[in-house]
There are 2 protein chains.
Amino acid sequence: MPHTYKYPRPALTVDCVVFGLDEIDLKVLLIQRQIEPFIHRWALPGGFVRMDESTDDAALRELEEETGITKVYLEQLYTFSDIDRDPRGRVVTVAYYALAKLSDHRIRAATDAENVAWFDVDDLPQLAFDHHKILDMAMNRLRAKVRYAPIGFELLPAKFTLSQLQRLYEIVLTAKLDKRNFRKKILSMGLLIETEEREAGVTHRAARLYRFDRRKYRKLAKQGFSFAI
Amino acid sequence: MPHTYKYPRPALTVDCVVFGLDEIDLKVLLIQRQIEPFIHRWALPGGFVRMDESTDDAALRELEEETGITKVYLEQLYTFSDIDRDPRGRVVTVAYYALAKLSDHRIRAATDAENVAWFDVDDLPQLAFDHHKILDMAMNRLRAKVRYAPIGFELLPAKFTLSQLQRLYEIVLTAKLDKRNFRKKILSMGLLIETEEREAGVTHRAARLYRFDRRKYRKLAKQGFSFAI
DNA sequence: TCTCATAGTGTAACAATGACACTAACAATG
DNA sequence: CATTGTTAGTGTCATTGTTACACTATGAGA
């Protein structure tokens, strides 16, 4: 079923940079291509935008189809439009970045024999297309944004310890933070709810679990409060 | 000369939000549409992306074609892709925002009888398409970015007084700033070069002119320095 | 009961921020 | 040429936020 237009049009795709966090490092989700071009190369999950969906919807759909991931924090990153970025012809891609709770998501290999895997961001394979460039920009955006918006919580389970939160910042910012100062600062914002629970299954003193108070943050944000680490 | 594809494709456009600054308020450049849809309505300058140009190039080209503006600070803003944002059918637009030195640019009415004009951002006409939404986002971005990146200088002439610079921040941030504290802060960054010149043609004590030291800023930025007002 | 690992806590020095008011210069006016 | 009007230009102090720093508490496992 062909489609004809008076003027030529680029194809439009979306690509998603999905970040996850384990105990030691920051991970990104990649799929291994099963078709040309760049067959067998690892690439960002993504695909063509349909006529009945916005790019946001397309990003969510592709993410689910290709990796099984459904409820993530998703935000538009940048649109990449270099004329030679795809060997098949003119393809413009709207890139998104997403933050996933690694624990929640048992990633499924999508269709047929598609490989899906988490890679350490400091130890990546060669990527298809200009996906390295996209990933670079996503990393920069994450690092910048995590400092002035409470998006880090999207990478942690709903209940977390202050040490986990501190480790998150240390990993994302690649910087060591002072324990007492970190706690003082984060608690003084009043955005963490202290639960009565403690972490379980550890071989040392169990830390208290906290929850992030989304509602309170939204209220404060409206009044001009600005989150900052 | 028709173009045929296996799958349907959205059309791809760019739109530019061009900001300028006069003595009293922040302006945005609009053109009055001469064709349907939204004939006679004011709209952001923009147009279709060609197959041999990136969206960045398209934005620069459209800006020159429609308004005569050439050398501006231009940055990608966001891609708007709601399926019903254009009554002609599926059109995805990559929006840019630009900062122009109002003084430099005698804006020309583009082709034929096209109207081009600067509007006070607080006193806008009804706009075509979803251009209000785009402009809103551009305003928010400008306000946020002006605080942590030295982009304000793009709105001023190459040589400016500290009072002009302060007025710029007051207008963009819609906040009153303390003169002594503002000067202390901006001078302490060491990014302004004091010239020997004074402003001319004023009826009161003439203020010293300064230039922004781009080179030094780039050097400091690489070392992790962060500009902040 | 001892060891090991991490949780959890306060203070003091220093730096950054914010509030605040007068004199200096110069053009225009009478 | 004295006066007026308008903006330029300057410093201090109180408050607040930031950084550096080291020990005790708890609980599991040996």
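Data block above holds the structure.
Computed from a predicted structure; not experimentally measured. (Residues numbered from 1 in each chain as written. Chains lettered and ligands numbered in written order. Predicted model: local features only at pLDDT ≥ 70, side-chain atom pairs only at ≥ 80, totals over all residues. Heavy atoms only, no water.)

Trainee: Whenever I open this one, the interface of chain A and chain B confuses me. Can you help?
Mentor: Many authors give the size of an interface as the accessible area that is lost as the parts come together. On the side of chain B, 29 residues touch chain A, which itself brings 28 residues to the contact. Across the interface of chain A and chain B, roughly 2,500 Å² is buried in total on both sides, 55% from carbon and sulfur atoms. At the junction of chain A and chain B, the tally comes to zero salt bridges. Taken together, the connections running from chain A to chain B amount to 17 residue pairs in polar contact (both at pLDDT 80 or more). (Contact = heavy atoms within 4.5 Å. Buried area = accessible area lost by both parts, 1.4 Å probe. Salt bridge = Lys/Arg side-chain N within 4 Å of Asp/Glu carboxyl O. Polar contact = N/O pair within 3.5 Å; in protein donor to acceptor, adjacent residues only side chain to side chain.)

Trainee: Is there a simple way to explain the protein's contact with DNA strand C in this structure?
Mentor: DNA strand C sits among 18 residues. The nearest are A:S163, A:K179, A:R208, B:N181 and B:K184. In DNA strand C, atoms within 4 Å of the protein come 40% from sugar and phosphate. Contact distances for DNA strand C include 3.2 Å between a base nitrogen and a side-chain N or O atom of A:R205. Listed by contribution, the elements that provide at least two residues to the surface near DNA strand C are α4 (179-188) of chain A together with α4 (179-188) of chain B. (Near = heavy atom within 4 Å. Helix = DSSP H or I, 4+ residues; strand = E, 2+ residues; numbered from the N terminus.)

Trainee: In this structure, what is going on with the relation of the copies chain A and chain B? I would like to understand it.
Mentor: Each of the two chain copies can be generated from the other by rotation about an axis followed by a shift along it. The transformation that overlays chain A on chain B combines an axial shift of 0.0 Å with a rotation of 180 degrees, and the residual RMSD is 0.0 Å. Such a turn and shift between the copies fits a two-fold axis. Across chain A, the rotation axis passes nearest the C-alpha of A:T4, at a separation of 2.1 Å. A shared binding surface is used by both copies, with 100% of the interface residues of chain A retained as interface residues in chain B. (Least-squares fit on C-alpha atoms with pLDDT ≥ 70 in both.)

Trainee: Help me understand the packing of helix α2 (residues 131-148) of chain B against helix α3 (residues 162-173) of chain B in this model?
Mentor: Two quantities define a packed helix pair, namely the angle between the helix axes and the distance between the axes. Residue and element names in this part refer to chain B. For the pair α2 and α3, interaxial distance at closest approach is 9 Å and the crossing angle is 140 degrees. The element α2 and its partner α3 pack so that their crossing is left-handed. Residues L142, R143, V146 and R147 of α2 lie in contact with α3, whose contacting residues are L168, Y169, V172 and L173. Looking at the contact of α2 with α3 residue by residue, the classes come out as six nonpolar, no polar and two charged. (Axes fitted to C-alpha atoms, helices over the stretch in contact; angles between N-to-C directions. Left-handed = near helix turned anticlockwise from the far one by under 90°. Nonpolar A, V, L, I, M, F, W, Y, C, P; charged D, E, K, R; others polar.)

Trainee: Just to check I follow, could you spell out the side chain of A:R9 for this structure?
Mentor: When you line up the elements, A:R9 lands in the loop between β1 (3-5) and β2 (11-21). Although A:R9 lies buried, it forms no salt bridge, and the closest oppositely charged side chain, B:D86, sits 9.3 Å away as judged by the N-O distance. Beyond its immediate sequence surroundings of up to four residues, A:R9 is in contact with B:Y5, B:R9, B:P10, B:A11, B:M51 and B:R90. (Buried < 20%, exposed > 50% of the residue type's maximum accessible area, 1.4 Å probe, protein only. Lys, Arg positive; Asp, Glu negative; His and termini not counted.)

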